Amino acid sequence: MSVDGTTEAEALVRRFYEPLSTGDTDLVDEVLAPEWEALPALHAGPGRDGWKATTAYLRSVLGDLDFTIEDVIVAGDRVAVRSLTRGTHQGELLGIPATGRQIEIRASDYHQVEDGRIVRSWHLEDYYGVVQQLSAGNNA
């Protein structure tokens, strides 16, 4: 554990999210195990390359993307994260063309860490809330 109370597992998981803010996906290969699995599977494809592509997609669709980790809980080899992503809807998202609206995406992730790398991640997003924000005023 570090001086500020952060465990190695928590620090590792926080690094997982850095590319969302910076766009720099170079550290993905350091953070994720070669056999990393995302559940459900990423639309951009499996493994490290899938996370890199997902990061690039989100940064292109959500202009001025701002990612905030709101809570982290570490229990054994698992790290739970509650997060909030904000941005301007500038590209197709969930089948909805760009609206120019500011949106928020709330998510919960659960990561499994082994031997200093993330081996598995379970991801849950509030897609219903996103669709409501993007459809507001459109009678959709």
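In this numbering scheme, every chain counts its residues from 1 along its sequence in written order. Under the rules for a predicted model, residues below a pLDDT of 70 receive no local features and side-chain atom pairs below 80 are neither given nor counted, while totals for whole chains, interfaces and linings still include all residues. Each side-chain value is worked out from all heavy atoms of the structure, with water and hydrogens disregarded.

Chemist: In this structure, what is going on with the packing of aromatic side chains? I would like to understand it.
Modeler: The criterion for an aromatic pair is that two Phe, Tyr or Trp rings (for Trp, the six-membered ring) have centres within 6.5 Å, with stacked assigned to planes under 30 degrees apart, edge-to-face to planes over 60 apart and tilted to the rest. Using the criterion set out here, one finds 4 aromatic pairs in the structure. Arranged with centres 4.4 Å apart and planes meeting at 10°, the rings of Phe16 and Trp51 form a pair that is stacked. Separated by 35 residues along the polypeptide, Phe16 in helix α1 (residues 8-22) and Trp51 in helix α3 (residues 47-61) bring together distant segments of the chain. Exposure classes here rest on a 1.4 Å probe applied to the protein chains alone. A residue is buried below 20% of its type maximum, exposed above 50%, and partly exposed in between. Take Trp51: its relative accessible area is 8%, and that puts it in the buried class. Ring geometry for Tyr17 against Phe67: centres 4.9 Å apart, planes inclined by 15°, an arrangement best described as stacked. One end of the pair, Tyr17, is in helix α1; the other, Phe67, is in strand β2 (residues 62-75), and 50 residues separate them in sequence. A relative accessible area of 13% places Phe67 in the buried class. A run of H or I in DSSP becomes a helix once it reaches four residues, and a run of E becomes a strand once it reaches two; helices and strands are each numbered from the N terminus.

Chemist: Sorry if this is basic, but what is going on with a nonpolar patch on the surface here?
Modeler: Patch membership needs two things, relative accessible area over 30% and no salt bridge, and members are linked within 9 Å if like-charged or within 5 Å if nonpolar (Val, Leu, Ile, Met, Phe, Trp, Tyr). Methods summary: accessible areas were calculated by the Shrake-Rupley approach with a probe of 1.4 Å, and residue burial reflects only the protein chains presented. Note on definitions: salt bridges are taken to be side-chain nitrogens of Lys or Arg within 4 Å of carboxyl oxygens of Asp or Glu. Together, Leu94, Tyr127 and Val131 line one region of the surface with nonpolar side chains, adding up to about 250 Å² of accessible area. Topologically, Leu94 is positioned in the loop between β3 (78-89) and β4 (102-114). In this structure Leu94 comes out as partly exposed when scored by relative accessible area, which is 40%.

Chemist: Just to check I follow, could you spell out the sheet that holds β4 for this structure?
Modeler: The strands making up a sheet are joined through hydrogen bonds of the backbone, oriented either antiparallel or parallel. The mixed open sheet is built from 5 strands, whose spatial order is β1-β5-β4-β3-β2. The strands lining the two open edges of the sheet, one partner per strand, are β1 (32-39) and β2. Each strand axis lies, on average, 25° off the axis of its neighbour in the sheet, ignoring direction. The sheet contact formed by β2 and β3 spans 11 bridges and is antiparallel. Whether two strands pair comes down to DSSP finding at least two bridges between them. Axes, fitted as lines to C-alpha atoms, cover a helix only where it is in contact. Angles between the N-to-C directions of the axes lie from 0 to 180 degrees.

Chemist: Is there a simple way to think about the environment of Asp49 in this case?
Modeler: With respect to the helices, strands and loops of the structure, Asp49 is situated in helix α3. For Asp49 and Asp29, which are 20 residues apart along the polypeptide, the C-alpha to C-alpha distance reads 9.0 Å.

Chemist: In this structure, what is going on with unusual backbone geometry? I would like to understand it.
Modeler: Negative phi characterises most residues that are not glycine, and trans characterises most peptide bonds. With omega at -5°, the peptide bond leading from Leu39 into Pro40 counts as cis. The topology assignment puts Pro40 in the loop between β1 and α3. Of note, Leu94 is a non-glycine position whose phi angle comes to about 55°, a positive value. The residue Asp115 is not glycine, and still its phi comes out positive at about 50°. With respect to the helices and strands, the residue Asp115 is situated in the loop between β4 and β5 (117-125). Note on Asp115: relative accessible area 83%, which makes it exposed.

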